[in-house]
Every structure is written in structure tokens, then in C-alpha cells.
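# A look at the structure
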Amino acid sequence: MQNKIEKTIKALEKNNMRAVFVPFKKDIVKTVKEMLFEGAKITNGGSVSVKESGVDELIRCGEYNYLDRSRPGITPEEQLEVYKNVLDSDFYFCSSNAITEEGELVNVDGNSNRISAIAFGPKNVIVIAGSNKLVRNAKEGFLRIKKIAAPKNCVRLGINSPCATLGHCISLERSETPPITDGCSGDGRICVNYLVSGRQRIKNRITVIICGEELGY
């Protein structure tokens, strides 16, 4: 695993993404806090990894201008405004469905607010991921989504999808290596838009924090 982490970090840096290794999740908050400044405009995606790392609590502590997409009583219209304001934020926190040893971030979204922010907008994107999300290449990344990330997230979100019941994408019932976008036809499908982030034009806009322990799905 250490060799895999080192190879991934080198590849991410080659692709103009900053990569930071933190052995234990208890130390991630300290690492993140050193990157922030008081009053920074911050928001985040709905990430289990961000919560498990303690970063969700940090960015909500009151020292920053936190844009809360999930505050109690928020209306769909207000939530949409938060999504729009993400484009002008100083920091956007999320995780990645998979990170490849070739230095790529592999992601799929339903609403697509997360992959939109990764691709464009926020001045800084901070990706927090456990070592369980490291894969060899993008092909393995998308298989990881079909086998692990999508089913577990559908269960977490209470989405009635085939993968929530089967424990894997229904496309795997048809083939061991299905087309990337093959899946169910439900209205609540969370695998809608796909993004592979390779070499970046803006160096170090994306920071990937890789934890030596497992985080999220």
C-alpha cells in the first residue's frame, strides 16, 4: 500500500495537483486548518470522507464564511443559490470516488454539483480520500464506483435503486466489464455525469489529501 500511495502522489503532482499524505485520519483536520484563513468562503459536497475526517466540523466552526447546502429548512431554491455560489468560493471540500495510480480523479454524480466544482470554479478544491479509494487506472475506478461507491451511497441516501438491493450495479449482471455509463434506468439514478480529472492547467488548484486509513466509500 505504501508503494501504491507513493506512486499515486508522484503521478498527481506530475498532473499539476498537489498531493499530501496523512497517515492517520485524526491528523487531517490539523493539515487542513493550515491551508485555510479566517473568513474564507468555504463549502463542500455531501461527502462521508469529509465527515469522518472531522473536516466537516472544522469548516462549520464559525471561523469561516461557510455556505451550508444542507442546513435545516433550506428550500430547493436556496440550495440552488448555494450551488451557484460555490463557483466563487475560496475552498471546496469533497472526496473522490477513486484516485488512480496514473494521477487521475475518477468521479460520477447525480446532481453534478460536485464534479462541476472539481472541474471549474472554486479557487481551491480539497479532495480528502482514504487509501481504500486508490486504484490502478480509470477503468478500475469506474468498476469501483459500480461495485462499491454507488451501491453504498444509494443505501446511505435512501435511494431505491437496483444497486442498493443487489450490492452492485445492475450492469455487472450483464457483463464483467460493462460500458462506463451502462446501468439502471431509474429516475433516482445517481450515476448521471462522469468526470476523469487528469493533468490540470492551474497548478495546485486541486489538493488531494490521501489518508493511510480508510475513509468513506
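Preceding this section is the structure that the text describes.
One structure accompanies this document, and this report is about it.

Take the overall build of the protein next. Broken down by element type, the protein carries 8 helices and 10 strands. Projecting the C-alpha coordinates of the protein onto the three principal axes gives extents of approximately 50 × 45 × 30 Å. Out of the 217 residues belonging to the protein, those deemed buried represent 52%. Considering only contacts in the protein between residues 6 or more positions apart, those separated by 24 or more positions represent 75%. Carbon and sulfur atoms form 49% of the exposed surface of the protein, whose accessible area is close to 10,900 Å². Charge centroids of the protein, computed over 31 positive and 26 negative side chains, lie 4 Å from each other.

What follows is about the packing of aromatic side chains. The tally for this structure, following the rule as stated, stands at 2 aromatic pairs. Measuring from ring centre to ring centre gives 5.9 Å for Phe37 and Phe91, while their planes differ by 55°; the resulting arrangement is tilted. Taken together, the residues span a long stretch of sequence, with Phe37 in the loop between helix H2 (28-33) and strand S2 (41-44) and Phe91 in strand S4 (residues 91-94) at a distance of 54 residues. Given a relative accessible area of 41%, Phe37 falls into the partly exposed group.

This part takes up the pairing of S2. Here S2 shows a buried face lined by Lys41 and Thr43 and a second buried face lined by Ile42 and Asn44. Sheet analysis places S2 next to strand S3 (residues 65-66), joined by 2 bridges and oriented parallel. Paired with Ile42 across the bridge in S3 is Tyr66. Relative to S4, S2 runs parallel, the two being bridged by 3 bridges. Following the sheet pairing, Asn44 is matched in S4 by Phe93.

What follows is about the sheet that holds strand S9 (residues 193-197). Whenever strands of a sheet pair, they do so through backbone hydrogen bonds, lying parallel or antiparallel. Reading across the sheet, the 4 strands line up as S8-S5-S6-S9 and stay open at both edges, with mixed pairing between neighbours. Every interior strand has two partners, whereas the edge strands, strand S8 (134-135) and S9, have only one. Across 5 bridges, strand S6 (residues 105-109) lies against S9 in antiparallel orientation. In the strand pairing of S9, Asn107 is matched with Leu195.

What follows is about unusual backbone geometry. One non-glycine residue, Asn16, adopts positive backbone phi at about 70°. Turning to its location among the elements, Asn16 is positioned in the loop between helix H1 (2-14) and strand S1 (18-22). The phi torsion at Asn204 lies on the positive side, around 65°, for a residue other than glycine. Of the residues examined, Asn204 reaches a relative accessible area of 36% and is grouped as partly exposed.

Reading guide: rules and limits
Residues numbered from 1 in each chain as written. Predicted model: local features only at pLDDT ≥ 70, side-chain atom pairs only at ≥ 80, totals over all residues. Heavy atoms only, no water. Helix = DSSP H or I, 4+ residues; strand = E, 2+ residues; numbered from the N terminus. Buried < 20%, exposed > 50% of the residue type's maximum accessible area, 1.4 Å probe, protein only. Contact = heavy atoms within 4.5 Å. Areas by Shrake-Rupley, 256 points an atom, 1.4 Å probe, with all protein chains shown as cover. Lys, Arg positive; Asp, Glu negative; His and termini not counted. Charge placed at Lys NZ, Arg CZ, Asp CG, Glu CD. Phe/Tyr/Trp six-rings, centres within 6.5 Å; stacked < 30°, edge-to-face > 60°. Pairing = 2+ DSSP bridges.

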